[in-house]
Amino acid sequence: MASFAKIENNIVITVESVVNDVLKDSNGLEQEQIGIQFLRTLYNEPNAIWKQTSYNTHGGVHDNNGTPLRKNHAGIGYTYDKDKDAFIAPKPFESWLLNEDSCQWESPVAYPVDSNVNNIYTWNEEILNWELFNG
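No experiment lies behind these values; they were computed from the predicted model shown. (Residues numbered from 1 in each chain as written. Predicted model: local features only at pLDDT ≥ 70, side-chain atom pairs only at ≥ 80, totals over all residues. Heavy atoms only, no water.)

Participant: What is the right way to read the overall build of the protein chain from this model?
Facilitator: Across its full length, the protein chain carries 1 helix and 11 strands. In the protein chain, the order of α-helices and β-strands from amino to carboxyl end is β-β-α-β-β-β-β-β-β-β-β-β. If you line up the protein chain on its principal axes, its C-alpha atoms span 55 × 30 × 30 Å. Out of the 135 residues in the protein chain, the part that is buried amounts to 28%. Within the protein chain, contacts between residues separated by at least 24 positions form 34% of all contacts whose residues are at least 6 apart in sequence. Approximately 8700 Å² of the protein chain is accessible, and the part contributed by carbon and sulfur atoms is 49%. For the protein chain, the distance from the average position of its 9 positive side-chain charges to the average position of its 19 negative side-chain charges is 9 Å. (Helix = DSSP H or I, 4+ residues; strand = E, 2+ residues; numbered from the N terminus. Buried < 20%, exposed > 50% of the residue type's maximum accessible area, 1.4 Å probe, protein only. Contact = heavy atoms within 4.5 Å. Areas by Shrake-Rupley, 256 points an atom, 1.4 Å probe, with all protein chains shown as cover. Lys, Arg positive; Asp, Glu negative; His and termini not counted. Charge placed at Lys NZ, Arg CZ, Asp CG, Glu CD.)

Participant: Got a minute to help me understand the side chain of threonine 53 in this structure?
Facilitator: Counting through the fold element by element, threonine 53 comes out in strand β3 (residues 49-53). Note on threonine 53: relative accessible area 3%, which makes it buried. A polar side-chain atom of threonine 53 sits 2.8 Å from the main-chain amide nitrogen of alanine 74. Filtering out sequence-adjacent residues up to four positions away, threonine 53 remains in contact with Ser3, Phe4, Ala5, Val15, Leu69, Asn72, His73, Ala74 and Phe87. (Polar contact = N/O pair within 3.5 Å; in protein donor to acceptor, adjacent residues only side chain to side chain.)

Written as structure tokens, this is what we have:
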């Protein structure tokens with residue numbers, strides 16, 4: 001299945017799946033534009049903006065050593081950055097910074113390295129640091 005994000009005002013408003021065979025041209029090659037046209041026709045929205053996205057792409061890396069697509073898989077509420085041709089998740093905390101290469105948000109303090117693999121840390125925006133989760 002191929003995934004496509006519908007974008008309005010640079011914000012993803014929905015993500016739809018399309019059977020890969022729908023994307024194939026007369027030579028049997030998958031083409032993003034064919035998927036876009038299919039969705040525009042299906043929803044009777046000839047000017048809608050759709051961009052293909054990949055469940056296998058995170059931080060500009062494809063999980064299966066394939067070609068990454070638009071830095072990250074799109075989700076509802078994500079921003080589409082036209083200049084970077086990338087989907088960017090909503091900013092999780094005010095202090096976090098966007099990694100321009102991966103288009104992912106990073107905390108200003110690295111996640112703790114802990115010898116106890118069962119420990120889980122959560123970000124505390126008030127102290128701008130990680131805290132051990134005691135849930």
